[in-house]
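Each chain, letter by letter, is given below.
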Amino acid sequence: MLRGLNEAQQRAVVTVDGPVLVVAGPGSGKTRVLVHRVAWLLEECAVLPEQILAVTFTNKAAREMRDRIERLLGGRVLTGLIMGTFHSFGVRILRQNPGLVADRLGLLPNFLIYDDADQMDLAKRAVLAVGFDPKQVAPRRMLSRISAAKSVVLSPDEFAAAAETYDDEVIARVFKEYQRALRKANAVDFDDLLALPLALFDGAPGLLASYQQRFRHVMVDEYQDTNRVQYILVSALAEQHRNLFVVGDPDQSIYGWRQADIRNILDFGQDFPDATRIDLEVNYRSTRRIVETADRVIRENTQRIDRRLSTENDEGALIVLRELADGGHEARFVVDEIRRLTQHGGRSGDDIAVMYRTGAQSRVLEEAFRVSDIPYRIVGGVRFYERKEVKDVLAVLRLLHNPADEVGLERAIGNLPIGRGIGPKALDAVRHWAGATGETVLDGFVALAPAAGSPTAPDLSGTARSAGMKIGTVFWKLREAKADKALPELFDLVVELTGYAASFDHNDEEEMQRWANVLELRSDLEKYAVLPPAEQLPTYLEQVALVSDIDTMEDDGRGRVTLITLHSAKGLEFPVVFIAGVEEGLLPINRAVEAEWSDPLPLEEERRLFYVGITRAEELLYLTYAAGRAVYGRYQSAVASRFLAQVPEMHLQTLGRRVPTREGSRSSSLTDRARGGGSPGWTAPAAETVERGEPARRFAAGEKVFHAKFGEGRILEVNDRRDGDQELSIAFQRHGQKRLMASFAHLEPIP
C-alpha cells in the first residue's frame with residue numbers, strides 16, 4: 001500500500017486518527033495519496049466501504065479515483081463506498097429520505113434539479129413576476145446574489161430582513177418569487193442541493209446522528225474551494241468520529257466568485273487544534289524552471305500557508321514570453337507555434353492547451369484555429385446537454401418524471417410541433433384551471449385528451465382546444481408507455497408522437513447535424529436501460545443535471561488542441577501550455593485592479609489563477625500579451641500584467657514583437673494560404689530572441705508621465721530592481737494608483 005510513495009505521502013496515508021490537513025502543492029501526488037489512503041483504511045484498518053465518505057469536486061475525479069482504488073485492491077468492487085461531489089452527495093441524502101424530505105422540506109420524491117439554463121429562465125420569470133424589466137434588472141446578476149445568499153444559508157425572508165439598500169430590496173423580492181416558483185415546480189437548484197440537507201438535519205437530528213455514526217472517515221479533496229455550507233456539512237458529519245481528512249492548497253483557491261471561502265483551509269488548525277498538518281511539497285509534474293517560477297509568483301500573496309515547492313525533475317526549457325500587436329496577432333502566433341510544435345517538435349495536439357482568463361478571449365483564438373489545419377476543441381463552450389435540440393427532448397422526458405415542471409412545459413410547447421396553436425391566452429387559461437383544481441398545468445392539457453376521460457377540463461375553444469387536445473393526447477400516451485418501456489424505447493415514442501423527428505429537413509446539412517445530436521442522446525440513454533424500469537428516467541435526469549464540462553472531457557486521441565479557461569483548467573495537466581492575454585485588465589481582471597486599494601484580496605485570487613495556469617504545464621510554457629486589444633468593439637491599448645514582474649529572469653526567454661504590416665498580412669503563396677500556412681506578420685522565434693533589458697530611461701518620484709491606457713499620472717514611488725528594471729507606483733488622474741514595471745509600461749514623460 002505504501003510502495004512508491006515518498007515520506008510525506010506515506011505519512012498522509014497512515015495517519016488515520018483525528019483531523020488531518022494535507023497541504024498539497026500542484027503535481028505533488030495528492031490523488032495518489034487519497035487513493036492509497038482509502039485502500040489503507042479498507043485493507044489495514046478493517047474499515048468497511050460504507051463507513052467512508054470521500055468528497056471530490058468533479059464526477060470525473062470520483063470515477064477515476066474509484067477505478068484506481070479497485071485496481072490497487074486487485075479488482076475488489078467497492079460496494080457501499082460513497083465517493084462523489086458535494087452536489088451528488090446532497091442529492092443522495094434527499095433521495096434516500098423521501099418521507100422526511102416531503103414532510104420537512106415540501107419536496108416530492110420526483111423533484112428535478114434545474115441546470116444553469118433552467119435557473120436563468122426561472123430568474124427571468126421571477127423578475128417579470130415582481131414587476132421589473134429583465135433588461136434593467138439582469139436575471140444573471142439576480143441569480144448570482146441569490147446563490148451568494150444560499151451559500152450562507154439565508155432564506156428569502158432572512159435576506160429581506162437584512163436588506164440595507166434599494167438594490168437589496170429588489171433582490172429580496174426576486175429571490176422570494178424565484179424560490180416560490182422553484183418549489184411550485186417541485187424543483188431545486190444547485191445551491192439547494194447543499195443547503196437542503198442541512199435544513200433536513202436541523203429538522204431531523206436523528207437523521208444526522210445516523211450519518212455521523214455511519215461515516216467513520218470523512219475525506220474532502222480540493223478543500224480550499226469549499227464554501228460555508230460545505231464546511232458546515234463535512235464538519236457536522238465528522239463530529240462523532242472526528243476523522244476528518246482534508247486535502248487542498250490555498251494557493252489554488254480560485255473560486256471566490258462562487259462563494260468559495262479560502263478561510264476554511266487557512267483556519268483549519270484553529271477549528272481543529274489537535275489537527276495534524278502534512279505538506280506535500282515535491283512537484284512530480286513540471287520542469288524545475290516552471291516550478292521555481294510558480295513558487296516565486298505565488299510568494300507575493302499574503303493569504304497562504306507558507307511552504308516551498310521543489311522538484312527533482314530536469315531544468316527544462318526556458319519559459320517563453322511574447323508580446324504581440326493585438327488579439328488577432330496573438331492568436332496567429334499561438335496557432336503557428338503549435339503548428340511548428342506538432343510538425344517539427346514531435347508534439348500531438350492532445351499535448352497542448354491554450355488557456356485564457358475570460359471566455360470572450362476564445363472567439364479570436366477559435367477564428368485562428370478554424371482557418372488553420374489544426375484540430376481543436378473548446379472546453380466550456382455549449383455543452384451537449386445544453387444544445388437546443390437536446391434540451392427540447394429532455395424537456396418532454398422531464399415532464400414525464402415531474403409534471404409540475406412548467407419551465408420544461410413551456411419549452412416543449414414553444415419548440416416542438418405539438419405546441420403549435422397554443423398561445424399565451426390559452427396557456428393562461430390552462431394555468432387558471434390548474435390553480436382552481438390543484439393540479440399541474442400539464443395535467444390540464446391531459447384532461448383535454450378524450451382518452452383521459454377527465455370530468456373537468458380547461459375552458460378552451462377553437463384552434464386552441466384542438467391544439468390542447470393534441471398535446472394532452474401525446475402526453476397521455478407517453479404516460480401510459482412510461483411504465484413498461486425502456487428508456488431508449490420511450491425516447492423513440494417521444495420524438496415520434498411529438499412530431500420532432502419529422503421536423504428536421506433531411507436535405508439541410510445543419511439540420512442533419514442537429515438531428516445527429518438527438519440520436520446521440522438516444523445512445524446516451526441506452527447506458528441506463530440495464531437499470532430497473534422505474535429507476536431509468538430519474539437516474540438519467542439526475543446525472544444529466546450534475547454533469548460538468550470537465551466530466552465530459554475525454555482524451556479521445558484525435559490530436560485536438562484544448563482551448564480552455566484558466567478556471568476550467570484546474571486539476572488538468574498538459575505537456576505544453578499557452579496562457580494568452582497576460583495583461584492588466586484581463587489577468588488580473590479589471591474589477592480586481594480597480595478594487596486593489598480598498599480590497600487587495602481579489603487581486604490575490606487573480607495571482608492564484610495565474611499560478612494555477614503556470615502549474616498546468618509539464619514541459620513547455622508560453623506566456624503572451626498584446627499591446628492592444630478590442631474590448632466591447634473598441635480598440636484599447638494594453639499593458640503587460642504585473643504578475644510577469646515576478647517571473648525570474650533566468651527562466652525567461654523574451655521574444656520581440658513584429659507588428660504585422662499591410663504587406664505582411666497575407667502569405668505570398670496562394671497554395672500556402674489554402675493550406676492554412678503562411679503565418680502573417682511574425683518571424684521564427686529563434687531569429688527574434690532578445691533579452692528583456694532595462695527601461696529606455698530612468699524614472700524618479702515626482703515625475704509626471706503619460707500611459708496609453710491610464711492617461712496622465714504622477715510617480716509616487718520608485719523601486720529599483722536588481723535586474724535593472726524599475727517598479728513604479730503611479731497615481732493616475734482617472735484610474736487611481738497603479739504599480740507598473742517601467743520596462744513594460746511604455747511611459748512617456750510629461751514636461
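Since we're looking at a predicted model, the values are computed, not measured. (Residues numbered from 1 in each chain as written. Predicted model: local features only at pLDDT ≥ 70, side-chain atom pairs only at ≥ 80, totals over all residues. Heavy atoms only, no water.)

Draft legend 1. Focus on the overall build of the protein. Along the protein, the regular secondary structure elements total 30 helices and 23 strands. Relative to the globule expectation of 27 Å for 751 residues, the C-alpha radius of gyration of the protein, 29 Å, shows essentially globular dimensions. Among the 751 residues that make up the protein, the fraction classed as buried is 54%. Contacts spanning at least 24 positions in sequence make up 74% of the contacts within the protein whose residues lie at least 6 apart. Accessible area for the protein stands at about 32,800 Å²; split by element, carbon and sulfur atoms hold 49% of it. Seen as two clouds, the 95 positive and the 109 negative side-chain charges of the protein have centres 2 Å apart. (Helix = DSSP H or I, 4+ residues; strand = E, 2+ residues; numbered from the N terminus. Rg over C-alpha atoms; globule rule 2.2 N^0.38 Å. Buried < 20%, exposed > 50% of the residue type's maximum accessible area, 1.4 Å probe, protein only. Contact = heavy atoms within 4.5 Å. Areas by Shrake-Rupley, 256 points an atom, 1.4 Å probe, with all protein chains shown as cover. Lys, Arg positive; Asp, Glu negative; His and termini not counted. Charge placed at Lys NZ, Arg CZ, Asp CG, Glu CD.)

Draft legend 2. Here's a closer look at a negative patch on the surface. The grouping of Asp 505, Asp 508, Glu 509 and Glu 510 at the surface amounts to a negative patch. Secondary-structure assignment places Asp 505 in the loop between helix 23 (487-497) and helix 24 (509-526). The exposure class assigned to Asp 505 is partly exposed, which follows from its relative accessible area of 39%. (Patch = residues over 30% accessible without salt bridge, like charges linked within 9 Å, V, L, I, M, F, W, Y side chains within 5 Å. Salt bridge = Lys/Arg side-chain N within 4 Å of Asp/Glu carboxyl O.)

Draft legend 3. Region of the structure containing the pairing of strand 10 (residues 352-356). Taken across its five residues, strand 10 has five buried, putting it largely inside the fold. On strand 10, burial covers both faces: Ile 352, Val 354 and Tyr 356 on one face and Ala 353 and Met 355 on the other are all buried. Here strand 10 pairs with strand 13 (residues 574-579) via four bridges, running parallel. Note on strand 13: the bridge partner recorded for Val 354 is Phe 578. Examined bridge by bridge, strand 10 and strand 12 (residues 561-565) share four bridges and lie parallel to one another. The partner of Val 354 across the bridge, within strand 12, is Leu 563. (Pairing = 2+ DSSP bridges.)

Draft legend 4. Spotlight on helix 17 (residues 362-370). Burial in helix 17 covers these residues: Ser 362, Leu 365, Ala 368 and Phe 369. One face of helix 17 carries all of its buried residues, which in axial projection span an arc of 130°. On its buried face, helix 17 sits against helix 16 (327-344), strand 10, strand 11 (376-379) and strand 12. (Arc of directions from axis to C-beta.)

Draft legend 5. Here's a closer look at the side chain of Ser 286. Note on placement: Ser 286 falls in the loop between strand 8 (276-280) and helix 15 (288-298). For Ser 286, a relative accessible area of 2% translates into the label buried. Among residues more than four places away in sequence, those in contact with Ser 286 are Val 291, Thr 311, Asn 313, Thr 615, Ala 617 and Glu 618.

Draft legend 6. Molecular detail of the domain arrangement of the protein. Segmentation of the protein into domains returns domain 1 (7-92 + 196-280), domain 2 (113-185), domain 3 (310-381 + 557-655), domain 4 (384-546) and domain 5 (703-749). Distance between the C-alpha centres of domain 1 and domain 2: 32 Å. Across the contact, seven residues belong to domain 1 and eight residues belong to domain 2. For the pair domain 1 and domain 2, the two sides together bury roughly 500 Å², of which 67% comes from carbon and sulfur. At the boundary of domain 1 and domain 2, one finds zero salt bridges. (Domains from an automatic or database assignment. Buried area = accessible area lost by both parts, 1.4 Å probe.)

Draft legend 7. Geometry of the packing of aromatic side chains. Following the criterion strictly, the structure yields 15 aromatic pairs and no others. Note on Phe 578 and Tyr 622: the rings are 4.2 Å apart at their centroids and 10° apart in plane angle, and the pair reads as stacked. Residue Phe 578 is found in strand 13, and its partner Tyr 622 is found in strand 14 (residues 617-626); the two are separated by 44 residues along the sequence. Tyr 622 shares its class with Phe 578; the two are buried. Taken together through their ring pairs, the aromatic side chains of Phe 89, Phe 201, Tyr 211 and Phe 215 make up a single cluster. (Phe/Tyr/Trp six-rings, centres within 6.5 Å; stacked < 30°, edge-to-face > 60°.)

Draft legend 8. Region of the structure containing the pairing of strand 22 (residues 736-741). Note: strand 21 (residues 726-732) against strand 22, six bridges, orientation antiparallel. Paired with Ala 731 across the strands is Gln 737, a residue of strand 22. Between strand 21 and strand 22, which pair antiparallel in sequence order, lie three residues.

Draft legend 9. Molecular detail of the sheet that holds strand 19 (residues 704-707). Spatially, 22-21-20-19-23 is the arrangement adopted by the five strands of the open sheet, whose pairing is antiparallel. Each edge of the open sheet is held by one strand with a lone partner, namely strand 22 and strand 23 (748-749). Pairing geometry for strand 20 (residues 711-720) and strand 21, over seven bridges, is antiparallel. What sits directly across from Asn 719, in strand 21, is Glu 727.

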